[in-house]
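Descriptive structure summary
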Amino acid sequence: MPHYLVTGGCGFIGSHLCDALRRRGDAVRVLDDLSTGHRGNLAPGASLIVGDIADPAAVRAATEGVDGIIHLAAIASVERAAQDWLGTHRVNLTGTIAVFEAARARHLPVVYASSAAVYGDNAALPLSEEAMTRPLSAYGADKLGCEQQARVAGLVHGVPTAGLRFFNVFGPRQDPASPYSGVISIFCDRLARGEAITVYGDGQQTRDFVNIADVVRALLAGLDRASTAAPVFNVCTGRPTSVLTLAETIAALCGVPLQLAHQPARSGEIRHSLGDAGRARAVLGLGEPVGLREGLADVVAWLRADRPALVPG
Ligand code: NAD
Ligand code: UD1
């Protein structure tokens, strides 16, 4: 049975990936410092090492006996990266180099999380992997640094990698109470309780919301596509959704009237973010993405199961 190390396996994306690996019978070891992840997210049957991704000895020890690494551990918030520039850099870029170095020593393939944040304010939509990268944040700059170090890992050290540029990922287990959580978990939580939501700006801004199930499929497929050419793939749907349409869809799903307040647009807000899913479909063999409505229903159902006392219906 194949054995994988999943860094950040107690987080949102990592825990869903570990569930999928366990379901297909693979052995799973998680390395996580539990800073934003939770022990309760650990997939049944997976083992956990609590440790820091930027500690090379911890990473090397965690890779013993595994057949591949899926590297998701990071400080996944643009705002936190802005507050703690150097600390985030240590985790997000130094931590990734520690993973590549351990992979070099043990001849392992690595699939790692990049981000649509590498594109920054590039307006050439939809964004293909060939589009210019112009990060607007320390977070995006470090993710781009990960991609460049992956190139070095392949060219200089023979480490096969695949980088996945996730767009706006959503699904169960995204904490709506976190100040860094995405719009979908916030809207689903508030509307399912029958509360009002806040829309920043006119609500016509659009995002490419990709379901966690599609992200897990891309990660699993990435394992077979890791190569020393260090390919990168968008993980997106290619379908734009405005914030207002999102709010209306969630309100309809929850069976509540839509009460919304408008606040000024966030500073530095990107108006439209949309990925081109063509390369991932062709090379990773991904099919049609999960429909937005279906994915939203999963989030609402999870919130209702998790917080039954707070949610009507
Ligand atoms: P998350 O915060 O839920 O998961 C990150 C995990 O990494 C957590 O379990 C956390 O405890 C762990 N971690 C953080 N610092 C660590 C350290 N120093 N050592 C060991 N473990 C550490 O976030 P997520 O949304 O699941 O993100 C997973 C990956 O995907 C990250 O690399 C993130 O940058 C990337 N990503 C996410 C999105 C999204 O929309 N969620 C979009 C683009 C990229
Ligand atoms: C994402 C990051 C953000 C980063 C940005 C850089 C997440 C959760 N956020 O933001 O940290 O700065 O990429 O590109 O990954 N919205 C509302 N009401 C709300 C919450 C959000 O109207 O209560 C709007 C936002 O203004 C935005 C859209 O919803 O237009 C999506 O917001 P969000 O989920 O935070 O993602 P990004 O803006 O893409």
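Placed above this text is the structure.
Summary of the structure given here. What you see is a predicted model; the values in this text were computed from it and never measured. (Residues numbered from 1 in each chain as written. Chains lettered and ligands numbered in written order. Predicted model: local features only at pLDDT ≥ 70, side-chain atom pairs only at ≥ 80, totals over all residues. Heavy atoms only, no water.)

1. Notes on the nonpolar core
What counts here: Nine residue types can take part in a nonpolar core, namely buried Ala, Val, Leu, Ile, Met, Phe, Trp, Tyr and Cys, and a core is a set of them joined through side-chain atoms within 4.5 Å. The buried label goes to any residue with under 20% of its type's maximum accessible area, the exposed label to any with over 50%, and the partly exposed label to all in between, with areas taken from a 1.4 Å probe on protein chains only. Helix and strand definitions here come from DSSP, where helices need a minimum of 4 consecutive H or I residues and strands a minimum of 2 consecutive E residues; each element is numbered from the N-terminal end. By definition in these notes, contact holds between two residues if any of their heavy atoms fall within 4.5 Å.
Residues Ile70, Phe166 and Leu219 are the most contacted members of the largest nonpolar core, which totals 35 residues. Contributions of two or more residues to this core are made by strand E1 (3–7), helix H1 (12–23), strand E2 (27–32), strand E5 (110–115), strand E6 (161–166), helix H7 (212–225), strand E11 (232–235) and helix H9 (278–284). Among the elements that take part in this core, H7 stands out by supplying 8 residues, more than any other. Not counting chain neighbours up to four residues away, the residues in contact with isoleucine 70 comprise Tyr4, Leu5, Val6, Thr7, Leu17, Leu21, Val111, Leu219 and Leu223. Leu93, Ala103, Tyr112 and Val159 belong to the second largest nonpolar core, which has 25 residues in total.

2. Observations concerning the site of ligand 2
Here is the rule we go by: Whether a residue is near a molecule or strand depends on its heavy atoms: if one lies within 4 Å, it is near. Polar contacts, as used here, are pairs of N or O atoms within 3.5 Å; protein pairs need one atom able to donate a hydrogen and one able to accept it. Residues neighboring in sequence count only if both atoms are side-chain atoms. Note that accessible areas follow from Shrake-Rupley with a 1.4 Å probe, and for residues the cover is restricted to the protein chains shown. Gly is placed with the polar residues, together with every amino acid not listed as nonpolar (Ala, Val, Leu, Ile, Met, Phe, Trp, Tyr, Cys and Pro) or charged (Asp, Glu, Lys and Arg). Boundary definitions for the domains trace back to an automatic or database domain assignment.
Of all residues adjacent to ligand 2, which total 17 residues, the nearest are Glu79, Val183, Thr198, Arg207 and Glu269. Within the contact set of ligand 2, an oxygen atom lies 3.0 Å away from a side-chain nitrogen or oxygen of glutamine 205. In the environment of ligand 2, an oxygen atom lies 2.4 Å from a nitrogen or oxygen atom belonging to the side chain of glutamate 269. Compared with its free state, where it exposes 720 Å², ligand 2 has 80% of that area covered by protein. Only helix H3 (78–83), helix H6 (183–192) and strand E8 (197–200) provide two or more residues apiece to the shell around ligand 2. Broken down by class, the residue content of the shell around ligand 2 amounts to 8 nonpolar, 5 polar and 4 charged. Two domains share the shell around ligand 2, each providing at least three of its residues, namely domain 1 (3–168 + 209–235) and domain 2 (171–208 + 239–274 + 290–306).

3. Some words on the pairing of E8
This is how the line gets drawn: Paired strands, as defined in this entry, are two strands with at least two bridges between them according to DSSP.
Every second residue of E8 is oriented toward a common face, the buried set being Ile197 and Val199 and the non-buried set Thr198 and Tyr200. Sheet topology note: the E8/strand E13 (residues 260–263) ladder contains 4 bridges and is parallel. What sits directly across from valine 199, in E13, is histidine 262.

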